[in-house]
Amino acid sequence: MLTSIEDYIKAGRIAAEVREHMRKRYHVGRTLLEICEEAEGMIRAKGGEPAFPCNVSLNEVAAHYTAEPNESIEVRDGDMLKIDIGVHINGSIADTAVTVCYNPSYSILVEAAEHALNEAIRVARIGVKASDIGKVIEHTIKSYRLKPIQNLSGHSIARYTIHAGRSIPNIWTIDSFSLQQGEVYAIEPFVTTEDGSGVVYNGDVSNIYSIVSRKRTGSKEADAFLDMLWDRFKTLPFALRWLSDVDTNYAREMISFLMKKKVIRAYPVLVEGNNRYVAQAEHTIMLTMDGTTIITRV
Ligand code: MN
Ligand code: MN
């Protein structure tokens, strides 16, 4: 257990350093590919492993977009970009995000997301109900006359598992549970404008995948591909970019077959219901007897 705590602390420190680097950098004119590669390269250089492909979600896309191997989309003036970073050390995961905004009239969304995150962390401790954290997040965001995204939430984290089953809502909810000692949670408020729908839906694109089963598919070739993916990523999400040693078309074909066999799942991009801008802030916390440790604080 002690080593696992140390791994979380180390993963958190790396994630925080990369996030702060990304916050300070001027991204206009850069491609999403350059941004992902810089973030993931920094994680590795600091001795961590990416826990999932760096998410680079623009404007009305709230989450789950990562760069394609040949990505040419650039950040433009006026954009709002969520950079969501995951780091793991031996399966102990830190999950954190920052929003950079190149449109001054939307900076308030970023401010509200960060403020809501800070307020949520302030109340998060052993014994507190997840619904009460949701209430604080909702209240803080609404005090800006903005809207929380109600169907996105924070989540418990376990070894090699980013979403370990429990959710920290971004609004008050009726069903709830209390935070317990030793648990690790990501808290992540998402904010949209007052005329946003406050709900995200699955978009057409999905380019982040994970293995859900190792059951045999009936094709030796596909089974071998699945085993190769398992060796590299286990249960953690991955992207086509991370298979640079495999022919891209072949990898696409294999992944699509494995998805049909339901042994791989894809995470569709999540798009704001009224196509309004979305901002996000995220930290990972650990609940200890001594209090709440924000492992992704610098
Ligand atoms: Mn995240
Ligand atoms: Mn998260």
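Residues numbered from 1 in each chain as written. Chains lettered and ligands numbered in written order. Predicted model: local features only at pLDDT ≥ 70, side-chain atom pairs only at ≥ 80, totals over all residues. Heavy atoms only, no water.

Chemist: Would you explain the pattern of salt bridges in this entry?
Modeler: Any two side chains of opposite charge can pair, given that their charged atoms come close. By the definition in use, this model includes 19 salt bridges. In this structure, the salt-bridge partner of Arg19 is Glu20, at a minimum N-O distance of 2.8 Å. For the pair formed by Arg19 and Glu20, the shared burial category is buried. Of the charged contacts in the structure, one is a salt bridge between Arg276 and Asp195, with a shortest N-O distance of 3.1 Å. Remark: Asp195 occurs in the loop between strand S10 (190-192) and strand S11 (200-211) and Arg276 occurs in the loop between strand S12 (264-272) and strand S13 (278-280); sequence separation between them is 81 residues. The class for Arg276 is partly exposed, based on a relative accessible area of 32%. The network of salt bridges with shared partners includes Arg19, Glu20, Arg23 and Glu114. (Salt bridge = Lys/Arg side-chain N within 4 Å of Asp/Glu carboxyl O. Buried < 20%, exposed > 50% of the residue type's maximum accessible area, 1.4 Å probe, protein only. Helix = DSSP H or I, 4+ residues; strand = E, 2+ residues; numbered from the N terminus.)

Chemist: In this structure, what is going on with the coordination of the manganese ion (ligand 1)? I would like to understand it.
Modeler: For a metal with four tetrahedral donors the ideal donor-metal-donor angle is 109.5 degrees, whereas six octahedral donors ideally subtend 90 or 180 degrees. For the manganese ion (ligand 1), the full set of protein donor atoms is Asp84 (OD), Asp84 (OD), Asp95 (OD) and Glu282 (OE), and the range of their distances to it is 2.1 to 2.3 Å. Between consecutive donors of the manganese ion (ligand 1), the numbers of intervening residues give the motif D-x10-D-x186-E. Between the two metals, the manganese ion (ligand 1) and the manganese ion (ligand 2), the spacing is 3.2 Å, and Asp95 donates to both. You can see Asp84 sitting in strand S4 (residues 80-89) and its partner Glu282 sitting in the loop between S13 and strand S14 (283-288), a full 198 residues away along the chain. On the basis of relative accessibility, which here comes to 6%, the residue Asp84 falls in the buried class. Given the relative accessible area of 1%, Glu282 is considered buried. (Donors = N, O, S within 2.8 Å, 3.2 Å for Na, K, Ca; no water.)

Chemist: Sorry, what's going on with the state of the cysteines here?
Modeler: By definition, a disulfide links the sulfur atoms of two cysteine residues through a covalent bond. Tallied over the full model, the rule gives zero disulfides. Among the cysteines around Cys54, which has no disulfide bond, Cys36 carries the closest sulfur, lying 4.3 Å off. Take Cys101: it sits in no disulfide, and the sulfur closest to it among the cysteines is that of Cys54, at 18 Å. (Disulfide = S-S within 2.5 Å.)

Chemist: Would you explain the layout of surface pockets in this entry?
Modeler: Where empty space is left can be seen by rolling a probe of water-molecule size over the atoms. Taken as a whole, the largest pocket encloses approximately 620 Å³ of empty space. Among the elements of the structure, strand S7 (153-157), S11 and S12 are those that each provide at least two residues to the lining of the largest pocket. The element that contributes the greatest number of residues to the lining of the largest pocket is S11, accounting for five residues. For the lining of the largest pocket, a count of residues per class yields 13 nonpolar, 13 polar and four charged. The two domains that each donate at least three residues to the lining of the largest pocket are domain 1 (2-202 + 273-294) and domain 2 (206-269). A volume near 210 Å³ is recorded for the second largest pocket. Residue lining of the second largest pocket: Leu32, Val56, Ser57, Leu58, Asn59, Glu60, Val61, Tyr65, Ile73, Val205 and Val269, and that is the complete set. (1 Å grid on protein atoms, 1.4 Å probe; cavity = no way out; pocket = protein on both sides within 12 Å on 5 of 7 lines; lining within 4 Å. Points joined across faces, edges and corners; volume = space filled by probe spheres on them. Nonpolar A, V, L, I, M, F, W, Y, C, P; charged D, E, K, R; others polar. Domains from an automatic or database assignment.)

Chemist: What should I look at first to understand unusual backbone geometry in this one?
Modeler: Backbone geometry follows two general trends: most residues other than glycine have a negative phi, and most peptide bonds adopt the trans configuration. One non-glycine residue with positive phi stands out, namely Asn90, at about 50°. Within the secondary structure, Asn90 is located in the loop between S4 and strand S5 (92-101). A relative accessible area of 47% means that Asn90 is categorised as partly exposed. One non-glycine residue, Asn275, lies in the positive phi region at around 55°.

Chemist: Even after reading the chapter, I still don't get the sheet that holds S7, so can you show me in this structure?
Modeler: As a general point, the strands of a sheet are linked pairwise by backbone hydrogen bonds and lie either parallel or antiparallel. The strand order across the open sheet built from five strands is S8-S7-S9-S14-S15, with neighbouring strands paired in antiparallel fashion. Two strands close off the open sheet at either side, each with one partner strand: strand S8 (167-169) and strand S15 (291-294). Averaged over all neighbouring strand pairs, the angle between strand axes comes to 25°, with direction disregarded. As paired elements, strand S9 (residues 184-187) and S14 share four bridges and run antiparallel to each other. Counterpart to Val184 in the pairing with S14 is Met286. (Pairing = 2+ DSSP bridges. Axes fitted to C-alpha atoms, helices over the stretch in contact; angles between N-to-C directions.)

Chemist: Please explain the environment of Ile108 as it appears in this structure.
Modeler: If you trace the backbone, Ile108 turns up in helix H3 (residues 107-123). Taking the C-alpha atoms as reference points, Ile108 and Phe52, 56 residues apart in sequence, are found 28 Å from one another. Not counting residues up to four positions away in its chain, the partners in contact with Ile108 are Tyr144 and Leu146. (Contact = heavy atoms within 4.5 Å.)

Chemist: Would you take a moment to explain the packing of aromatic side chains for this structure?
Modeler: Aromatic rings considered in pairs are described by the distance between their centres and by the relative angle of their planes. Counted by the stated rule, this structure contains seven aromatic pairs. Judged by centre distance (6.4 Å) and plane angle (20°), the rings of Phe177 and Tyr185 are stacked. Among the residues examined, Phe177 registers a relative accessible area of 18% and is labelled buried. On the accessibility criterion, Tyr185 (0% relative accessible area) is buried. (Phe/Tyr/Trp six-rings, centres within 6.5 Å; stacked < 30°, edge-to-face > 60°.)

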